[in-house]
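# Structural overview for review
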Amino acid sequence: MIINELIKNSAISINESLKNKKQIHSFLFELTDILPNSALTKLKNYIEDEDNKWEIFESYDPNYKNLLTRKIRKQKRKKITSHDDSIIEELQLALKSQTQVISDIVGENLDFMGATLWQDLEGFDLAWHTDNKILKATLQIYLFGVNAPGTLFKVDDTEHEVVFESNHGYLSVQNTSGKLQHKIKHTVTDKRYSLFVMWS
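Numbering of residues starts from 1 in every chain and runs along the sequence as written. For a predicted model such as this one, the threshold for reporting local features is a pLDDT of at least 70, and the threshold for listing and counting side-chain atom pairs is 80 or more; totals across whole chains, interfaces and linings nevertheless cover every residue. To obtain the side-chain values, all non-hydrogen atoms of the structure were included, while hydrogens and water were left out.

## Focus: the overall build of the protein
Scanning the protein for helices and strands turns up four helices and eleven strands. For the radius of gyration, the atom set is restricted to C-alpha positions; the globular benchmark scales as 2.2 Å times the number of residues to the power 0.38. In terms of C-alpha radius of gyration, the protein reaches 17 Å, essentially the compact-globule figure of 16 Å for 200 residues. Along the first, second and third principal axes, the C-alpha set of the protein runs to 50 × 40 × 35 Å. Residue pairs at least 24 apart in sequence account for 75% of intrachain contacts in the protein once pairs closer than 6 positions are excluded. Using the Shrake-Rupley algorithm and a 1.4 Å probe, accessible areas are obtained, with residue cover drawn only from the displayed protein chains. A total accessible area of about 11,000 Å² is found for the protein, and carbon and sulfur atoms account for 47% of it. Counted as positive: Lys and Arg. Counted as negative: Asp and Glu. His and the chain ends are not counted at all. Think of each charge as sitting on NZ of Lys, CZ of Arg, CG of Asp or CD of Glu. Side chains of the protein carry 25 positive and 28 negative charges; the gap between the two charge centres is 6 Å. Each helix is a run of DSSP H or I of at least 4 residues and each strand a run of E of at least 2, with the numbering of both proceeding from the N terminus. In what follows, residue pairs with any heavy atoms lying within 4.5 Å of each other are defined as contacts.

And the structure:
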């Protein structure tokens, strides 16, 4: 059973964080205190519940250039994209309610594509890249981790780090005028949890 009060409080907290965003670049904003404590506590309990089913993330091996023969490889990360009647559904609804706010920041009407709960495992790494071109805005909320790496962005001629701190994160914008390359700061040495939200 979902709790409407938690959805409402989460939406209010996310909205307040977006209002207080710190602009780093026209395509990058840092956010703090994104979720209420009630949501963070419920998320932590959810993550610790061994009955929840994590899906191993798979991607194409970049060393294989031929689209017909390239192999799929398992990454050192797991994900949960949906779970009815859980904190996952509650946060999906709270985040979806902020679509107009995100649209106003980006400058065009966007569609909510969902949120993924990531569990990055020891040894996971991610090199410089840009997000899928279908995405117009992404929000990453850092959750839990010990000595967890943040995200490095190439901003003009410098690198800007969004430090991994629980309940902090960033909003990244992509449009026809540009997008920012980014990567994980260093290889994960312990489990790292985050919530990755997408609009197109």
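Still more to cover.
## Here we look at the pairing of strand S6 (residues 137–145)
Three exposure classes are used, based on accessible area relative to the maximum for each residue type with a 1.4 Å probe and protein chains only: buried under 20%, partly exposed in between, and exposed over 50%. Extensive coverage of S6 is indicated by the burial of eight of its nine residues. Strands qualify as paired when DSSP identifies two bridges or more between them. Taken together, the five bridges between S6 and strand S9 (residues 169–173) define a ladder with antiparallel strand orientation. Counted as the bridge partner of Thr138 is Ser172 from S9. Across eight bridges, the pairing between S6 and strand S11 (residues 192–199) is antiparallel. Bridging across to S11, Thr138 finds its partner in Met198.

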